Amino acid sequence: MDKGLYTTADKNRKGLSVFFILLAGCLWGCMGLFVRPLDEKGLSSWDIVFLRAVCTAVCMAVFLLIYDMSLFRIKLKDVWCFLGTGLLSIVFFNLCYFKEITLTPLSVAAILLYTAPAFVMIISAFCFKEKLTRRKLIALVLSFVGLIFVTGVIGDAGKLTVKTLLIGLGAGLGYALYSIFGRYALERGYHSFTISFYTFLFASLGTVFFARPGFIIKNAFDSFGGVAFVIAFALISTVLPYIVYTIGLKSVENGFASIIASIEPVIATLNGILWFHERMTIGVLVGIVLVLSGIAISQLPVKGKGEAQEGLGQNVETS
């Protein structure tokens, strides 16, 4: 195969993967548009997490029945990958995050959650031999500082205690683990559809102990419009973003994928300004620019020695 053609195809594939990860972050950032109306119906945070997980698992099951039933098949020896994405990531991250928001301001909880890219980079360096390059670190710092401005966490930082710090870091670690276990599942040959289905199947089983299924059915499915709203919630905030994010992991390193997905709180902030009339401050604007700068730097072409070319799960030294 012609080397130039291979390089072009490789770049196009990576570019599409970056787009998928950005799309996932944008869709996750729209979650508040669904969560607030459900909250107004009296559903607790855990009710919403359970509803999201169950509806996603059901939607994926119906889709796989129509699309390709063979995608239901997994090997018993690989179940740990899906226990990792479903229980250790989705359930553990939500358990820590929702506890954190009862103890600290939302801005503090959000910024601690987005320590996830740092966890992803460190874990991926050990598990997948991904290099901690200067470009990654610069992109990480820019994005993290930008998130501090976006959330307005600076004025609330003094409210942190050792307990709240550890719980918040637990949320960030749990959030990061999806990229780690998702990568392991991909390397074992599983389709992104399979990974998404089993992730939320196990998440449903894990969150049922914290939720009120009877109350959810009575209040969330109280009309045809309510049913349509819940289905849209599952599809837009979970099914589609998790599928495209997992696809993106095929050609983008975990560390960079996590940085790119940090567009999520930026989109959430813009939605708050647009739909809920929250204020746009200079700090928020500066933060958005910094986050976008971090994402842009993470995608700059690699030049010079000592930097790794990212893509297709390989680290190739440039000469």
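Residues numbered from 1 in each chain as written. Predicted model: local features only at pLDDT ≥ 70, side-chain atom pairs only at ≥ 80, totals over all residues. Heavy atoms only, no water.

> Could you give an account of the nonpolar core, naming the residues involved and the relevant values?
Among soluble globular proteins, nonpolar side chains are generally buried collectively. In this structure, Trp28, Leu51 and Tyr245 are the most contacted members of the largest nonpolar core, which totals 91 residues. Ignoring sequence-local partners within four residues, the contact set of Leu51 consists of Leu38, Leu43, Ile216, Ala220, Phe221 and Val230. (Core = buried A, V, L, I, M, F, W, Y, C linked by side-chain atoms within 4.5 Å. Buried < 20%, exposed > 50% of the residue type's maximum accessible area, 1.4 Å probe, protein only. Contact = heavy atoms within 4.5 Å.)

> Can you lay out the confidence of the model for the chain for me, pointing to particular residues and giving the numbers?
Of the residues in the chain, 88% reach a pLDDT of 70 or more, and the chain-wide mean stands at 86. Least confident of the elements in the chain is strand β2 (residues 316-317), whose mean pLDDT is 29; most confident is helix α9 (residues 192-207), at 96. Residue range residues 305-319 is modelled with pLDDT below 50. Its contacts to residues more than four positions away, or to other chains, number 42 contacts. (pLDDT = per-residue confidence, 0-100. Helix = DSSP H or I, 4+ residues; strand = E, 2+ residues; numbered from the N terminus.)

> Could you give an account of the packing of helix α8 (residues 162-187) against helix α11 (residues 224-248), naming the residues involved and the relevant values?
The geometry of α8 relative to α11 is characterised by a closest axis approach of 10 Å and an angle of 65° between their N-to-C directions. Between α8 and α11 lies a crossing of right-handed hand. Along the contact surface, α8 presents Tyr178, Ser179 and Leu186, while α11 presents Tyr242, Tyr245 and Thr246. Among the residues forming the contact of α8 with α11, the class breakdown is four nonpolar, two polar and no charged. (Axes fitted to C-alpha atoms, helices over the stretch in contact; angles between N-to-C directions. Left-handed = near helix turned anticlockwise from the far one by under 90°. Nonpolar A, V, L, I, M, F, W, Y, C, P; charged D, E, K, R; others polar.)

> Quick one: what's the story with unusual backbone geometry, residue by residue and with numbers?
Positive phi, close to 60°, is recorded for Lys129, a residue that is not glycine. Of note, Lys129 is situated in the loop between α6 (116-127) and α7 (134-151). Judged by relative accessible area, which is 60%, Lys129 ranks as exposed.

> Please set out a nonpolar patch on the surface residue by residue, giving values where relevant.
Nonpolar side chains collect at one region of the surface, where Val58, Val62, Leu65, Ile66 and Met69 lie side by side and expose about 520 Å² of accessible area between them. Here Val58 lies in helix α3 (residues 45-67). (Patch = residues over 30% accessible without salt bridge, like charges linked within 9 Å, V, L, I, M, F, W, Y side chains within 5 Å. Areas by Shrake-Rupley, 256 points an atom, 1.4 Å probe, with all protein chains shown as cover. Salt bridge = Lys/Arg side-chain N within 4 Å of Asp/Glu carboxyl O.)

> Account for the state of the cysteines, naming residues and giving values.
Taken as a whole, this structure holds zero disulfides when the rule is applied. The closest cysteine sulfur to the non-disulfide-bonded Cys26 is located on Cys30, 7.3 Å from its own sulfur. (Disulfide = S-S within 2.5 Å.)

> Tell me about the packing of helix α13 (residues 263-275) against helix α14 (residues 282-298), residues and numbers included.
The relative placement of two packed helices is expressed as an angle between their axes plus a distance between the axes. Contact geometry of α13 with α14 gives a least axis separation of 10 Å together with a crossing angle of 150°. With respect to α14, the element α13 is oriented roughly antiparallel. When the axes of α13 and α14 are compared, the crossing they make is left-handed. Counted together, Ile263, Val266, Thr269 and Leu270 of α13 and Val284, Ile288, Val291, Leu292 and Ile295 of α14 form the full contact between these two elements. Its residues placed into classes, the contact of α13 with α14 shows eight nonpolar, one polar and no charged. (Parallel < 35°, antiparallel > 145°, perpendicular 65-115°, else oblique.)

> Before we move on, could you go through the environment of Pro265 and cite the residues and values that matter?
Secondary-structure assignment places Pro265 in helix α13. For Pro265, a relative accessible area of 12% translates into the label buried. Placed 115 residues apart in sequence, Pro265 and Val150 show a C-alpha to C-alpha distance of 7.8 Å. Residues within four places of Pro265 in sequence aside, it is in contact with Tyr114, Leu147 and Val150.

> Outline the pattern of salt bridges, listing residues and values.
Evaluated as defined, the whole model comprises six salt bridges. Among the ionic pairs, Lys41 bridges to Asp222, the shortest N-O distance being 3.3 Å. Of this pair, Lys41 sits in the loop between α2 (32-40) and α3 while Asp222 is found in the loop between α10 (213-220) and α11, placing the two residues 181 residues apart along the sequence. A salt bridge links Arg183 to Glu130; the shortest N-O distance between them is 3.9 Å. Taken together, the residues span a long stretch of sequence, with Arg183 in helix α8 and Glu130 in the loop between α6 and α7 at a distance of 53 residues.

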